[in-house]
Protein chains: 2
Amino acid sequence: MPRVGLNQQTVVREAARLADEVGFQQLTLAALASRLGVALPSLYKHVRGADALAQKLAALATAELATAMTTAAVGRSGGDALRAMADAYRDYAVRHPGRYPATQRVPDPADAEHVEAGERAVGAIFAVLRGYGLTGDDAVDATRALRSALHGFVTLEAAGGFGLPRDVDRSYRQLVASMDISFRSWPRDGR
Amino acid sequence: MPRVGLNQQTVVREAARLADEVGFQQLTLAALASRLGVALPSLYKHVRGADALAQKLAALATAELATAMTTAAVGRSGGDALRAMADAYRDYAVRHPGRYPATQRVPDPADAEHVEAGERAVGAIFAVLRGYGLTGDDAVDATRALRSALHGFVTLEAAGGFGLPRDVDRSYRQLVASMDISFRSWPRDGR
DNA sequence: CACCGTTGGCTAATCGGCTTAGCTTTAAGG
DNA sequence: CCTTAAAGCTAAGCCGATTAGCCAACGGTG
């Protein structure tokens with residue numbers, strides 16, 4: 001019986017593909033094994049279990065998303081950079097509906113690649129905000145605001161939460177435009 | 001053997017309590033049954049199954065959230081109403097970590113109460129936005145923006161996605177303040 | 001080429017959760 | 001008191017995850 005020749009990389013990558021097809025919640029070791037032409041328990045030679053697989057998938061997806069955000073913003077600044085990054089963010093979420101939810105998982109401190117990927121993603125946002133003159137606590141607040149807005153939008157969109165017929169692309173553009181306005185006149189409370 | 005005397009209401013309500021304790025994902029028919037002092041299959045006399053239970057829980061949570069939002073905004077307007085509603089929203093999510101995620105489920109059109117609850121929640125936001133002079137398509141866009149921001153924030157907060165030590169309450173206040181600014185000068189593209 | 005150790009794959013078995021089928025018994029109403 | 005709808009039960013089957021333990025393929029070494 002010839003070996004299939006799997007390793008952790010191939011397993012995680014196929015999991016990513018499968019997740020995009022069937023959804024993150026429906027990503028199952030059983031389905032993944034059959035997809036890879038292998039019996040389910042064989043996967044344990046490469047991944048500790050279902051939870052560990054999800055965590056590895058999170059690391060992969062976070063790295064991809066961070067790269068997409070960084071790439072989009074490079075060579076741009078201000079509202080231009082913001083729009084490009086926001087578009088890249090939503091584009092990733094739409095094109096990878098199975099991977100995107102995985103990016104919500106907090107990195108395991110022991111997984112250096114995952115931690116680094118998360119820092120790259122936040123760093124990309126920070127860099128854009130520096131273009132608005134936002135630094136320190138303001139940058140932290142603004143980063144949280146931007147992440148919240150983008151994450152919330154793509155999550156609601158994916159869940160089918162926008163019932164009305166109004167064009168969703170346009171709503172997203174308006175959201176990003178409103179964030180642009182916010183960042184240009186960021187509210188400072190007394191501190 | 002005396003009867004416990006369950007009905008759909010009591011089952012769903014207990015499910016909500018349990019979900020808040022153990023988390024939405026960990027809400028299981030097995031745990032719910034043992035909590036109610038009943039064998040698992042007995043639950044099927046009151047609920048069609050696990051998915052239907054989640055849907056009923058969604059209806060309950062959506063109604064509660066809508067009520068909280070509406071109550072908070074009553075008698076206020078403008079930024080005052082916005083802040084009160086936003087605080088009520090986050091407060092609900094924090095105090096009901098198991099119910100809140102359920103509110104993401106799209107109502108089944110056949111469940112009139114659920115549909116109505118969703119409309120009440122959106123209607124509450126619409127009402128606040130009217131105080132900013134936002135109506136029609138602008139109100140739709142702004143509603144989506146606000147929902148995105150609030151939902152994104154509480155979701156990331158619950159997931160532990162805010163790593164830095166910066167005070168989360170303050171970040172939320174800043175987010176809401178920035179939305180207030182956005183609504184006061186809502187961007188209109190050429191249409 | 002033969003040997004051997006590593007390791008990737010397998011089968012078997014257990015466990016937990018969901019679901020269905022079908023039986024029993026409560027309790028409410030005539 | 002009798003009937004009957006419904007609330008509860010047990011039994012059984014399915015599916016996914018996990019663990020244990022076996023076997024065979026491949027790579028390196030003599």
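Scroll up to find the structure this text is about.
On a predicted model such as this, the values are computed, not experimentally measured, just so you know. Residue indices begin from 1 for each chain and proceed along its sequence in written order. Starting at A for chains and at 1 for ligands, labels are handed out in the order in which the entities are written. Under the rules for a predicted model, residues below a pLDDT of 70 receive no local features and side-chain atom pairs below 80 are neither given nor counted, while totals for whole chains, interfaces and linings still include all residues.

### Considerations on the overall build of chain A
Threshold: A run of H or I in DSSP counts as a helix once it spans at least four residues, and a run of E counts as a strand once it spans at least two, with each numbered from the N terminus. Here the C-beta atoms are placed from the backbone, and a residue counts as buried if at least 20 other C-beta atoms lie within 10 Å of its own, exposed if 12 or fewer do, and partly exposed otherwise. The contact criterion used here is simple: two residues whose C-beta atoms, placed from the backbone, lie within 7 Å are in contact.
Counting secondary structure elements, chain A contains seven helices and zero strands. The order of helices and strands in chain A, counted from the N terminus, is α-α-α-α-α-α-α. Each principal axis of the C-alpha distribution contributes one length, and for chain A these read about 65 × 40 × 30 Å. Classification of the 191 residues of chain A by burial places 40% in the buried group. The long-range share in chain A, meaning contacts at least 24 apart out of those at least 6 apart in sequence, stands at 67%.

### Quick notes on the relation of the copies chain A and chain B
Just so we agree on the cut-off: When the copies are superposed, the least-squares fit draws on C-alpha atoms of residues that have pLDDT of at least 70 in both.
Mapping chain A onto chain B leaves a residual RMSD of 0.1 Å; the transformation is a rotation of 180° accompanied by 0.1 Å of translation along its axis. Both copies are brought into coincidence by an operation consistent with a two-fold rotation axis. Both copies present the same face, since 100% of the interface residues in chain A are matched by interface residues at the equivalent positions in chain B.

### Details of the interface of chain A and chain B
Across the boundary between the two partners, chain A contributes 33 residues, which contact 33 residues of chain B. At the level of elements, α6 (136-158) and α7 (168-184) of chain A are the ones that each hand at least two residues to the side of chain A that touches chain B. Counting residues per element, the side of chain A that touches chain B draws most heavily on α6 of chain A, which supplies 13 residues.

### As for the protein's contact with DNA strand C
To keep it simple, the criterion reads: For each residue, a C-beta atom is placed from the backbone, and the residue is labelled near a molecule or strand when this atom is within 6 Å of it.
Around DNA strand C sit 21 residues, and of these V4, A39 and S42 of chain A together with L29 and G49 of chain B come closest. Those elements giving two or more residues to the surface near DNA strand C turn out to be α2 (29-36) and α3 (50-73) of chain B.

### Quick notes on the protein's contact with DNA strand D
Our working definition: Residues were grouped as follows: Ala, Val, Leu, Ile, Met, Phe, Trp, Tyr, Cys and Pro as nonpolar; Asp, Glu, Lys and Arg as charged; and all remaining residues, including Gly, as polar.
In the region of DNA strand D, 21 residues are neighbours, and L29, P41 and G49 of chain A together with A39 and S42 of chain B sit closest. Counting residues per element, the ones that place at least two in the surface near DNA strand D are α2 (29-36) and α3 (50-73) of chain A. Of the residues in the surface near DNA strand D, the class split is 13 nonpolar, four polar and four charged.

### Quick notes on α3 of chain A
Operational definition: Expected span of a helix, by definition, is 1.5 Å for each gap between consecutive residues, and there is one gap fewer than residues.
Helix length check: α3 of chain A, at 24 residues, gives a terminal C-alpha distance of 35 Å against a target of 34 Å (1.5 Å per residue), a fit within 8%. Just past α3 of chain A, the residue G75 of chain A takes up positive phi, approximately 80°.

### Examining the nonpolar core
It is characteristic of soluble globular proteins that their nonpolar side chains tend to be buried jointly. Cut-off, in case you're wondering: Working definition: the nonpolar core is a set of buried Ala, Val, Leu, Ile, Met, Phe, Trp, Tyr and Cys residues, joined through C-beta atoms within 7 Å.
With 108 residues, the main nonpolar core has M69 and M85 of chain A together with M69 and M85 of chain B as its most contacted residues. Setting aside its immediate chain neighbours within four residues, M69 of chain B contacts M85, A88, Y89, A121 and A124 of chain B.

### Some thoughts on the environment of Q104 of chain B
Positionally, Q104 of chain B belongs in the loop between α4 (78-95) and α5 (112-130). The exposure class assigned to Q104 of chain B is partly exposed, which follows from the 18 C-beta atoms found within 10 Å. Linking Q104 of chain B and G131 of chain B, residues 27 residues apart in sequence, is a C-alpha distance of 26 Å. Apart from the residues within four sequence positions on either side, Q104 of chain B is in contact with A159 and G161 of chain A.

### Thoughts on the packing of α4 of chain B against helix α6 (residues 136-158) of chain B
All names here are of chain B. This is how the line gets drawn: Note on definitions: angles span 0 to 180 degrees between N-to-C directions of axes, and those axes are lines fitted to C-alpha atoms, for helices only across the stretch in contact. In this scheme the handedness of a crossing depends on how the near helix is turned from the far one: anticlockwise by less than a right angle means left-handed, clockwise means right-handed.
At their nearest, the axes of α4 and α6 sit 10 Å apart, and the two run at 30° to each other. For the pair α4 and α6, the crossing hand works out as right-handed. Along the contact surface, α4 presents A86, Y89, R90 and A93, while α6 presents L150, V154 and A158. Class assignment for the residues of the contact of α4 with α6 results in six nonpolar, no polar and one charged.

### Structural notes on the packing of helix α4 (residues 78-95) of chain A against α7 of chain A
All names here are of chain A. Rule in force here: Orientation categories follow fixed angle ranges, with anything under 35 degrees roughly parallel, anything over 145 roughly antiparallel, 65 to 115 roughly perpendicular, and all other angles oblique.
Contact geometry of α4 with α7 gives a least axis separation of 10 Å together with a crossing angle of 140°. For the element pair α4 / α7, the angle class is oblique. Helix-helix and strand crossings are classified by hand; for α4 and α7 the assignment is right-handed. Counting all contacts with α4, which are made through G79, L82, R83, A86 and R90, the residues of α7 involved are Y172, V176, M179 and D180. Looking at side-chain class alone, the contact of α4 with α7 contains five nonpolar, one polar and three charged residues.

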